[in-house]
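Descriptive analysis of the structure
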Amino acid sequence: MEPEYLTLEEQLVTRLISLGWHISCAESCTGGLLAASIINAANASRVLNASFITYAAEAKMRYAHVAEATIDAYGVVSEEVAKELASGAAKETSAEVGVGITGIAGPGGTPELPAGMVCFGFFVNGILSSQTMYFGEIGRNKVRKEAVLFAMKTLLGLLP
């Protein structure tokens, strides 16, 4: 008999449960889609206590403790802000894992901040990392879905 196929969400929840860890997200352009995807998996309540949709700069500062100086220096769509979103969400909820996502889902954008550009921050047991992905002008909701898939795959690679 073949083993049952696990979705990315199920893999992530299973791995977090095995570590005894919790996850929290601070999402901007994905609008809570990562947290909602995690909740698709059974036993998600064992690893996800709270997450934040921080669409406005003010919400990023208030709920995920992003420094105003960071936003002023780098803009809300930056790896620096994504890292602060990740660490702020984790610290605010006492989670070992935090994910920050901020970007331009589209349509529109600028040459410096094109549609489909998404910045990710990952806080994994005290270690911060970040990455920027360019998904292209594939449509707003496709960018959001691709961003969530990327975040889950990356997290699975970062977890011990």
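Focus: the sheet that holds strand 5 (residues 127–134)
- On the basis of which strands lie adjacent, the open sheet formed by five strands has the order 2-1-3-4-5 and mixed pairing. Each of the sheet's edge strands pairs with one partner strand only, and the pair in question is strand 2 (52–53) and strand 5.
- Here strand 1 (residues 23–27) pairs with strand 3 (residues 97–103) via five bridges, running parallel. Bridging across to strand 3, Glu27 finds its partner in Ile101.
- Across the sheet, helix 6 (residues 140–158) lies against strand 1, strand 3, strand 4 (117–124) and strand 5, angled at about 30° from strand 4, the strand it touches most.

Comments concerning helix 5 (residues 79–93)
- In this model, helix 5 (15 residues) spans 21 Å end to end at C-alpha, consistent with the 21 Å of a helix rising 1.5 Å per residue.
- Restricting attention to buried positions, one finds in helix 5 the residues Val81, Ala82, Leu85, Ala86, Ser87, Gly88, Ala89, Ala90 and Thr93.
- Trailing helix 5 by a residue or two, Ser94 shows a phi angle of about 55°, which is positive.

Examining the environment of Thr54
- With respect to the helices, strands and loops of the structure, Thr54 is situated in the loop between strand 2 and helix 3 (57–64).
- Looking at Thr54, the relative accessible area reads 0%, which means it is buried.
- Linking Thr54 and Thr7, residues 47 residues apart in sequence, is a C-alpha distance of 26 Å.
- Excluding its chain neighbours within four sequence positions, the residues that come into contact with Thr54 are Ala26, Glu27, Ser28, Ala59, Lys60, Tyr63 and Leu85.

Points about the packing of aromatic side chains
- Summed over all chains, the structure comprises four aromatic pairs.
- Both rings, one in Phe52 and one in Tyr63, keep their centres 6.3 Å apart while their planes meet at 15°; by these two values the pair is stacked. Highlighted residues: Phe52 in strand 2 and Tyr63 in helix 3, separated in sequence by 11 residues.
- Residue class for Phe52 comes out buried when judged on its relative accessible area of 16%.
- For the pair Phe120 and Phe150, a centre-to-centre distance of 4.7 Å together with 50° between the ring planes defines the contact as tilted. With a gap of 30 residues between them, Phe120 in strand 4 and Phe150 in helix 6 connect regions that are remote in the sequence.
- Of the residues examined, Phe120 reaches a relative accessible area of 0% and is grouped as buried.
- Judged by relative accessible area, Phe150 falls into the buried class, the value being 15%.
- Connected via pairs of aromatic rings, a cluster forms that spans Phe120, Phe122, Phe135 and Phe150.

Reading the values: the criteria
- Residues numbered from 1 in each chain as written.
- Predicted model: local features only at pLDDT ≥ 70, side-chain atom pairs only at ≥ 80, totals over all residues.
- Heavy atoms only, no water.
- Pairing = 2+ DSSP bridges.
- Helix = DSSP H or I, 4+ residues; strand = E, 2+ residues; numbered from the N terminus.
- Contact = heavy atoms within 4.5 Å.
- Axes fitted to C-alpha atoms, helices over the stretch in contact; angles between N-to-C directions.
- Expected span 1.5 Å × (residues − 1).
- Buried < 20%, exposed > 50% of the residue type's maximum accessible area, 1.4 Å probe, protein only.
- Phe/Tyr/Trp six-rings, centres within 6.5 Å; stacked < 30°, edge-to-face > 60°.

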